[in-house]
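Architecture and fold: a report
Given next are the chains, with one letter for each unit.
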Amino acid sequence: MRMNEVQFDDSRPVDGYGPGFFRVGGEVVQGAVLLSPGGVAAWAGFEDADAVIAKAGEVDFLLIGTGAEIAHAPAAFRHALETAGIGLEVMASPAACRTYNVLLAEGRRVGAAMLPV
């Protein structure tokens, strides 16, 4: 089998996660996190739709990580993003981390807003 090293250009992949944190590009971020091609930022959760909407021009769609288990995103949050033209996919945060990294490796303009496990 041939192994190829993945290049992420300027974007930073999720290296790991644990109780209450994410490790992104080697840097530990406590609490919820918002990832986009423009960088990494803390996120205040579903009450902070404005921070996600501000990334609308940077991403084609957004992965929503709901923590250890998959859960529904609140209707108001979902409506605000859809009104801003941001497509979203909701999944558990571990799945969102893996999917984010795969899409980054493919060169996609993807973002992720994730609650910690």
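Above: the structure in question.
For clarity, every value in this text was computed on a predicted model and none was experimentally measured. (Residues numbered from 1 in each chain as written. Predicted model: local features only at pLDDT ≥ 70, side-chain atom pairs only at ≥ 80, totals over all residues. Heavy atoms only, no water.)

Moving on, we get to the nonpolar core. Judged by nonpolar contacts, the single largest core of 16 residues is most densely connected at Leu35, Leu63, Tyr100 and Met114. Only strand E2 (21-24), strand E4 (33-36), helix H3 (93-105) and strand E8 (110-115) provide two or more residues apiece to this core. For this core, the element with the highest residue contribution is H3, accounting for 5 residues. Core analysis: the second largest hydrophobic core is formed by 15 residues, Trp43, Phe46, Val52 and Leu81 among them. (Core = buried A, V, L, I, M, F, W, Y, C linked by side-chain atoms within 4.5 Å. Buried < 20%, exposed > 50% of the residue type's maximum accessible area, 1.4 Å probe, protein only. Helix = DSSP H or I, 4+ residues; strand = E, 2+ residues; numbered from the N terminus.)

Glancing now at H3. An ideal rise of 1.5 Å per residue puts 18 Å on 13 residues; H3 measures up with 18 Å between its terminal C-alpha atoms. Inspection of H3 places Ser93, Pro94, Ala96, Cys97, Tyr100, Asn101, Leu103 and Leu104 among the buried residues, and these make up the whole buried set. Where the residues of H3 are buried, they touch strand E1 (14-18), E2, E4, strand E6 (61-66), strand E7 (87-91) and E8. Where H3 ends, the next residue or the one after it, Gly107, has phi of about 80 degrees, a positive value. (Expected span 1.5 Å × (residues − 1). Contact = heavy atoms within 4.5 Å.)

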